[in-house]
Amino acid sequence: MADPAAEEQGFQAGELCCECGQFHLLPDNHLYNFQDEVDDELICHICLQPLLQPMDTPCGHTYCFKCLENFMQEYNFCPMDRKKLSFQQCHKSSLLVRNLLDKLVVSCPFKAECQQTMQRCELEAHLQNRCPGFKKYKSELQRKKNPVSKGKEDPPVKVETNTPKDPEVPSAGSLLVAESSAAAVVSLGTAEPGLVNPAFEETEEDLPQRASLVAETSTIEIHREDPEEELGMRIVGGKDTPLGNIVVQEVLRDSLIAADGRIAPGDHILEVNGVNISSVTHCQAVSFLRHPGPVLHLMVLQEKGFSNKTAQQDSTSATNREVIHVTLVKRDRSEPLGIKLIRKTDEAGIFILDLLEGGLAAKNGKLSRNDRVLSINGQDLRQGTPETAAQIIQTSESRVNFVVLRQPGVQLLDPGEDGSTSNNSSSSSSNGGSPVHHRRRLDQNHYRRKSTYQKDLPQGYVTHEKTVAIKKEPKESLGITIGGGRDNKNKLPIYVTSVQPIGCLFRDGKIKRGDILLSINGIDLTHLNYYEAVSALKSNAASHSVVLKALEILASDSTDPSLDIKERGFSWSPLWITWLGLPSYLHCCQDIVLSKGNLESWGFSIVGGFEESKGNQPFFIKTIVPGTPAFRDRRLKCGDEIVAVNGVPAIGMSNSELIPMLKEQRNKVTLTVVSWPGSLV
């Protein structure tokens, strides 16, 4: 820890706090140098620091008074389990807990002049009455305030918590804060305030600019002409997984949800037809969402990105912005533009969140992310909504004329950077042709999970390897259909999708739908793509005898049998939760390298890790925030498992161990992940 006295000359934001002896913004918690590692039970799960003025919630969680107060100003649920909560329902923790916290041992922040350690509750009295370092600091401060000679005076110090620091101010003060309480700083810019451990890197310089993440809850009504038509989205999560909530992983092209356009990957589904599914199992959520009906009412929580508290609220403050006119020409009236439009809670109007690669707008190359839409086809949208913009776009015959406002320095998309062969086939939507299915890169560099990255099966899962030896007629079919293959975008092993009643395997009865096929007659099937596996099965099925090895994944909380019946509108595939029980040696990993600027967050949040009560749990991506490096990269998905960070295995780590590792990576990080397809609904 740096010496506050030595750094005072470079810190112009205000005086040292007289209670903790360190620099921090006035609304923030005090900062302390703890001598020993603090028990996880005494850590606030918002700022990830030892609790200060602990407050208990009715649902049994404890947070710092200031952390909880700030959080509850914007949200109405508990950060840990997202149960409905108001600040008035919370109360002080017991005297026993407060005494335990006050007795934590801290060291004096003035290390150069004082090496004493003491209980946290004794630090303020030590600074005021006994610390030579703090006494020296006060004397020097007094001397500067009352100089003997009336020379060239320093400019007056301004304490402004809502404006960025002067760029000429040295960074010593910010380093001091970052060293002692990086996690506390992170909490103000968290991508998912409801998560225990947001994986973000923020510095104090971010604080005045990024005060919170903007999230909105909305009710969406989906109409189906065919009551049994699938919605066309994949989901992950459930109370029986570390994710907790039900999260949209992917929206399929040309699906019902894609055509509606209001639901996007990363949205949290809170209710289905009035039924709260925020605390149900994965299988129960799938059952609710697959339930047939002409109308489906969904309540979703959607994150919009970081709010910018220093942004000018009035549109008249656009002196340094550029007004740009763009015309897009549709080939026919129904052609989508490939534009994702959003509202911001801190600024009126609508903004471009993203452009679909290969879409009409991206190919044109003149529109850019974060452009504010002023008008479309002459209709004023300065106070408009995405729905209004979508209606204008959809009713336009061919030419769509945009007038947008752009901040200086915004980079345009290169219209030729898209190497995908897919065209803009995403259906037109209520938000202007929202892209809901992103292109995945071809050079994904997948490889088998290394032995150093392997883990035990999660609690509740067992696997059963079986060998089936069959005598058969040469022309008799095996009678199975398969799915998966290492050419699949998720690099899945080969699995059985159906066992037909006409084949020899049905007669034997040991091979079941969902079994992973390991080998046939000694030929390894686990590394083959789909067509190679089909060829291997057909060629070996021509012999008089077949020896088939397969792996059955069993979960103690077995899948709801009603889910197997729902095949009229669904091609069968294992549920997302089934893949979590696949042994590590069958996993395919991918290395994803993210890069960011000094003032950016990585843009994703994580859950999971080792807990005393639950043992080792995988780390999962829970949130990817719009407009951040993780979002722009497009390869990370909600529900992905983090296997390693910069080659260091995450297995066995606790949340409090992995988060600092992510924070330490300033501009570049390599994430090793395993991705499983979400359950189709």
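Per an unreviewed UniProt entry, the protein is named Ligand of Numb protein X 2-like, and its organism is Cairina moschata.

Engineer: Give me the overall build of the protein: which residues, what numbers.
Structural biologist: Counting secondary structure elements, the protein contains 16 helices and 33 strands. Restricting to contacts in the protein with at least 6 residues of sequence separation, those with at least 24 account for 69%. Of the accessible surface of the protein, which amounts to about 31,100 Å², a share of 50% is contributed by carbon and sulfur atoms.

Engineer: Please set out the pairing of strand E19 (residues 399-406) residue by residue, giving values where relevant.
Structural biologist: Among the eight residues that make up E19, six are buried, leaving the element largely enclosed by the rest of the structure. In the sheet, strand E14 (residues 322-329) pairs with E19 via eight bridges, with the strands oriented antiparallel. Within the sheet, the bridge partner assigned to Val326 lies in E19 and is Phe402.

Engineer: An account of unusual backbone geometry is requested, with residue identities and associated values reported.
Structural biologist: Notably, Leu48 is not glycine yet its phi reads approximately 60°, a positive angle. Along the chain, the position of Leu48 falls in the loop between strand E1 (33-34) and strand E2 (54-56).

Engineer: Got a sec to walk through the sheet that holds strand E6 (residues 117-119)? Specific residues and values, please.
Structural biologist: Read across the sheet, three strands follow the order E1-E5-E6 without closing on themselves; strand pairing throughout is antiparallel. Edge strands, defined here as strands with exactly one partner in the open sheet, are E1 and E6. Two elements, E1 and strand E5 (residues 105-107), share two bridges in a ladder whose sense is antiparallel. Its bridge partner lying in E5, Phe34 is registered against Val106.

Engineer: How would you sum up the UniProt feature "domain: RING-type" (unreviewed entry) in the protein? Please name residues and give values.
Structural biologist: Under the UniProt annotation, "domain: RING-type" (unreviewed entry) lies at residues 44-82. Split by type, residues 44-82 is 21% helix and 15% strand. Its first and last C-alpha atoms lie 16 Å apart.

Engineer: Could you give an account of helix H2 (residues 65-72), with specific residues and numbers?
Structural biologist: Looking at H2, one finds that the buried residues are Cys67, Leu68, Phe71 and Met72. Angularly, the buried residues of H2 cover 120° about the axis, an arc narrow enough to put them on a single face. Summarising the contacts, the buried residues of H2 are in contact with E2 and strand E3 (62-64).

Engineer: Which residues make up the environment of Val105, and what values go with them?
Structural biologist: With respect to the secondary-structure elements, Val105 resides in strand E5. For the pair Val105 and Leu123, spaced 18 residues apart in sequence, the C-alpha separation works out to 9.6 Å. Once residues lying within four places of it in the same chain are set aside, the contact partners of Val105 are Asn33, Phe34, Gln35, Thr117, Met118 and Gln119.

Engineer: Before we move on, can you summarise the side chain of Ser375 with the specific residues and values?
Structural biologist: Tracing the chain through its elements places Ser375 in strand E17 (residues 372-376). Among all residues touching Ser375, those that are not within four sequence positions of it are Asp380, Leu381, Asn401, Phe402 and Val403.

Engineer: A description of a negative patch on the surface should follow, citing residues and the corresponding values.
Structural biologist: Together, Glu37, Asp39, Asp40, Glu41, Glu611, Glu612 and Glu657 make up a region of like negative charge exposed at the surface. By the element assignment, Glu37 lies in the loop between E1 and E2.

Engineer: Talk me through the environment of Tyr453; I want residue IDs and the actual numbers.
Structural biologist: By the element assignment, Tyr453 lies in the loop between strand E20 (446-448) and strand E21 (461-471). Excluding residues that lie within four positions of it along the chain, Tyr453 makes contacts with Tyr447, Val643, Ala644, Gly647, Pro649, Ile651 and Thr672.

Engineer: Which residues make up the pattern of salt bridges, and what values go with them?
Structural biologist: Taken as a whole and assessed by the stated rule, the structure comprises 14 salt bridges. Linking Arg634 and Asp354 is a salt bridge whose minimum nitrogen-to-oxygen distance equals 3.1 Å. With Arg634 in the loop between helix H15 (629-633) and strand E30 (641-645) and Asp354 in strand E16 (residues 347-355), this pair connects stretches of sequence that are 280 residues apart. Accessibility classification places Arg634 together with Asp354 in one group, the buried group. Counted as one network, the salt bridges with shared partners bring together Lys466, Lys512, Asp515 and Glu552.

Engineer: Report on the state of the cysteines, specifying residues and quantitative values.
Structural biologist: Throughout the structure, instances matching the rule amount to zero disulfides. No disulfide involves Cys44; its sulfur sits 3.8 Å from the nearest other cysteine sulfur, which is in Cys64. Given the relative accessible area of 0%, Cys44 is considered buried. Unpaired in terms of disulfides, Cys114 finds its nearest cysteine sulfur in Cys108, a separation of 3.8 Å. Under the relative-accessibility criterion, Cys114 is labelled buried at 3%.

Engineer: Which residues make up the nonpolar core, and what are the values?
Structural biologist: Among the nonpolar cores identified, the biggest contains 52 residues, and Leu231, Met233, Ile269, Leu289, Leu298 and Ile516 are the most heavily contacted of them. With 38 residues, the next largest nonpolar core counts Val38, Ile46, Cys90 and Met118 among its residues.

Engineer: A description of the confidence of the model for the protein should follow, citing residues and the corresponding values.
Structural biologist: Summing up the model confidence of the protein, the mean pLDDT is 76 and the portion of residues at 70 or higher is 76%. In the model, residues 149-211 has pLDDT below 50 throughout and makes 164 contacts with residues more than four positions away in sequence or in other chains.

Engineer: Can you break down the sheet that holds E3 residue by residue, with the values?
Structural biologist: The sheet built from three strands is open, its strands ordered E3-E2-E4 with antiparallel pairing. With one partner strand each, in any of the chains shown, E3 and strand E4 (91-92) form the two edges of the open sheet. Here E2 runs beside E4; their pairing, made up of two bridges, is antiparallel. Residue pairing in the sheet places Asp56 in a bridge with His91 of E4. Those strands touched by H2 are E2 and E3, and its axis lies near 95° from that of E3.

Engineer: Can you lay out helix H10 (residues 386-395) for me, pointing to particular residues and giving the numbers?
Structural biologist: Taken residue by residue, H10 has Pro386, Ala389, Ala390, Ile392 and Ile393 as its buried positions. Buried residues of H10, viewed axially, fall in a sector of 165°; they line one side.

Engineer: Mind laying out the packing of aromatic side chains, listing which residues take part and the relevant values?
Structural biologist: By the definition in use, this model includes twelve aromatic pairs. By way of ring pairs, the aromatic residues Phe71, Tyr75 and Phe77 are connected into one cluster. Sitting over the face of the ring of Phe77, Arg82 holds its NZ or CZ atom 4.5 Å from the ring centroid. A cation over an aromatic ring shows up here: Lys596 above the ring of Trp602, its NZ or CZ 5.1 Å from the ring centre.

Criteria and thresholds
Residues numbered from 1 in each chain as written. Predicted model: local features only at pLDDT ≥ 70, side-chain atom pairs only at ≥ 80, totals over all residues. Heavy atoms only, no water. Helix = DSSP H or I, 4+ residues; strand = E, 2+ residues; numbered from the N terminus. Contact = heavy atoms within 4.5 Å. Areas by Shrake-Rupley, 256 points an atom, 1.4 Å probe, with all protein chains shown as cover. Buried < 20%, exposed > 50% of the residue type's maximum accessible area, 1.4 Å probe, protein only. Pairing = 2+ DSSP bridges. UniProt positions renumbered as here; feature names shortened; annotations may be inferred. Arc of directions from axis to C-beta. Patch = residues over 30% accessible without salt bridge, like charges linked within 9 Å, V, L, I, M, F, W, Y side chains within 5 Å. Salt bridge = Lys/Arg side-chain N within 4 Å of Asp/Glu carboxyl O. Lys, Arg positive; Asp, Glu negative; His and termini not counted. Charge placed at Lys NZ, Arg CZ, Asp CG, Glu CD. Disulfide = S-S within 2.5 Å. Core = buried A, V, L, I, M, F, W, Y, C linked by side-chain atoms within 4.5 Å. pLDDT = per-residue confidence, 0-100. Axes fitted to C-alpha atoms, helices over the stretch in contact; angles between N-to-C directions. Phe/Tyr/Trp six-rings, centres within 6.5 Å; stacked < 30°, edge-to-face > 60°. Lys NZ or Arg CZ within 6 Å of the ring centre and 35° of its normal.

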